[in-house]
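Residue-level listing of the chains:
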Amino acid sequence: MTSGRRSVEEHEQHVAALLDPLRKKSPLRVPLAHALHRTLTEDVESPLDLPPFRNSQMDGYAVRAGDLASTPADLPVQGVLAAGDTVAALEPGHALKIMTGAPVPDGADAVVPVEDTRATTPDSDGAGSVTVERSVTPGTYVREAGTDVCKGDLLLPAGTVLAARHIAALAAVGLTSISVRARPRVAIISTGSELVTAGSELGPGQIFNSNGPALAASASANGADVVTIDHCHDDPEEFVTMLEHAVGVADVVFTSGGVSKGDFEVVKDTLAPRGGQFVSVAMQPGGPQGTAVVDGVPILTFPGNPVSALVSFEVFARPALRAAAGYPPVVCESLPLTEDLTSIPGRRQFLRGRLDEKGVTPFRGHGSHLVAGLAAADVLLDIPADTTSLEAGDLVKVRIL
Ligand code: AMP
Ligand code: MG
């Protein structure tokens, strides 16, 4: 077992190295329906032209612009063309009633919107004639084939994190599956004999497990698949059983609780004799941190206080998971403080705070158990270890939650 003090930067590097293998998983092909929020591993070229054929941008009449040299002009209506229909050609001197998305027939070179016409006879079947009020230039309201993307063009570059708009583009060119990064598989084990899963009754001395759901949500939001989520009593045998299951199904395990200096530190007591490293990181909250490797699977052990657990995830796990998923790095900004601030020396402080147009305001209550306070925060203020005071207006590094 290794113990001692570490800077945040040293522990970040240690964790990044431990989780580096997560970035090297082989890509996989997934159906489009499972592609949302995944990262493309290859450039995608369009297998066809979009639009695939010349079609109408308006409900109106397909015409030859040359037939409308003087307006108003009366044209016999050749028929009706709905989206999905086809017709050989527009006869000279005629108009063809056409709906948006229907192919513009050979011979036609423009579409007159229905608003610029008057049907001169009832034409529910498209027969009769139409009076066109205004002339048009060739090409008006005609969407030419390939004007969106051409066959062979780059549709989406490798590295794109797929949002709904990317799925739309992939579906539009008829692709059914794509090659994406494998997501890291995450297991979460919360420890604590006081923990109860929401949905059961709270007994005396018990609290609901919030770290399990919180860490699972954090992992999913950062590109991971949560494959198992469990909690155990402060009982080494129970913990080992869960851990053995977890390392069998996951690429990385996050635990919460059981790493401090109390009498029943189940995580530390179990993993320290198996080569785990338990250190005090110069940060607040989240000082007690540990890592281990069991059956080749990295384990990050976070302290149990809910704010400490989530700040630990934010600082150490989130960057590594995002790198593995191919997501862009965590966003940090420098923003002005709205009020003065003091900070204890020697520890990097991560303070909860709120952002508005005036800048960032730290919360007053600092307790690591304050879950409602955490929920009210939208940023973490990152105060360097050697900073002891800051004034309103000073720039402070902020992580957007
Ligand atoms: P520990 O790190 O195990 O000493 O726990 C520190 C504090 O966090 C204690 O007050 C625990 O009751 C609380 N705690 C530990 N695990 C959880 C959890 N999963 N959900 C909510 N609170 C927890
Ligand atoms: Mg505990």
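Reading guide: rules and limits
- Residues numbered from 1 in each chain as written.
- Chains lettered and ligands numbered in written order.
- Predicted model: local features only at pLDDT ≥ 70, side-chain atom pairs only at ≥ 80, totals over all residues.
- Heavy atoms only, no water.
- Core = buried A, V, L, I, M, F, W, Y, C linked by side-chain atoms within 4.5 Å.
- Buried < 20%, exposed > 50% of the residue type's maximum accessible area, 1.4 Å probe, protein only.
- Helix = DSSP H or I, 4+ residues; strand = E, 2+ residues; numbered from the N terminus.
- Contact = heavy atoms within 4.5 Å.
- Salt bridge = Lys/Arg side-chain N within 4 Å of Asp/Glu carboxyl O.
- Near = heavy atom within 4 Å.
- Polar contact = N/O pair within 3.5 Å; in protein donor to acceptor, adjacent residues only side chain to side chain.
- Nonpolar A, V, L, I, M, F, W, Y, C, P; charged D, E, K, R; others polar.
- Pairing = 2+ DSSP bridges.
- Axes fitted to C-alpha atoms, helices over the stretch in contact; angles between N-to-C directions.

Asks: I tried to follow the nonpolar core on my own but got confused; where do I start?
Replies: One broad rule of soluble globular proteins: the nonpolar side chains tend to lie buried together. One finds V186, F254, M283, L300, F313 and L321 to be the most contacted residues of the largest nonpolar core, which totals 30 residues. Of all the secondary-structure elements, those providing two or more residues to this core are α1 (8-19), β14 (185-191), α3 (211-221), β18 (252-256), β19 (277-281), β22 (297-302) and α6 (306-325). With nine residues, the top contributor of residues to this core is α6. Contacts of L321, omitting those with residues within four sequence positions, involve L22, P184, V186, A219, N222, A224, V252, F254 and F313. By size, the runner-up hydrophobic cluster in this structure holds 20 residues, among which are I189, F239, V253 and A272.

Asks: I'm lost on the pattern of salt bridges in this one. Help?
Replies: Side chains that differ in charge, positive against negative, can pair when their charged atoms come close. As enumerated under the stated definition, the model contains 15 salt bridges in all. Between D382 and K397 there is a salt bridge whose closest N-O contact spans 3.7 Å. Of this pair, D382 sits in strand β27 (residues 379-383) while K397 sits in strand β29 (residues 395-400), and the two are 15 residues apart along the sequence. When its relative accessible area of 38% is taken as the criterion, K397 is described as partly exposed. Linked by salt bridges that have partners in common, E9, R348, D382 and K397 make up one network.

Asks: Teacher, can you tell me more about the site of ligand 1 here?
Replies: If you check the shell around ligand 1, you find 16 residues, and the closest are E194, N209, S210, G258 and G304. Taking E194, its side chain carries an N or O atom lying 2.5 Å from an oxygen atom of ligand 1. For the shell around ligand 1, a count of residues per class yields four nonpolar, eleven polar and one charged.

Asks: What is the right way to read the sheet that holds strand β7 (residues 95-98) from this model?
Replies: Judged by pairing direction, the sheet is mixed, and its six strands sit side by side in the order β8-β5-β7-β6-β10-β9 without closing on themselves. Each of the sheet's edge strands pairs with one partner strand only, and the pair in question is β8 (110-113) and β9 (117-119). Taking each pair of neighbouring strands and ignoring which way they run, the sheet shows an average axis angle of 40°.

Asks: I keep staring at the pairing of β22 and nothing clicks. Help me out?
Replies: In terms of burial, β22 is a largely internal element, six of the six residues being buried. With four bridges connecting them, β18 and β22 associate as parallel partners. Bridge pairing in β22 links V253 to I299. Inspection of the sheet shows strand β21 (residues 288-294) paired to β22 by five bridges, in the antiparallel sense. Bridge pairing in β22 places V294 opposite V297. Between β21 and β22, which pair antiparallel one after the other, the connecting turn spans two residues, and D295 there sits at a positive phi close to 50°.

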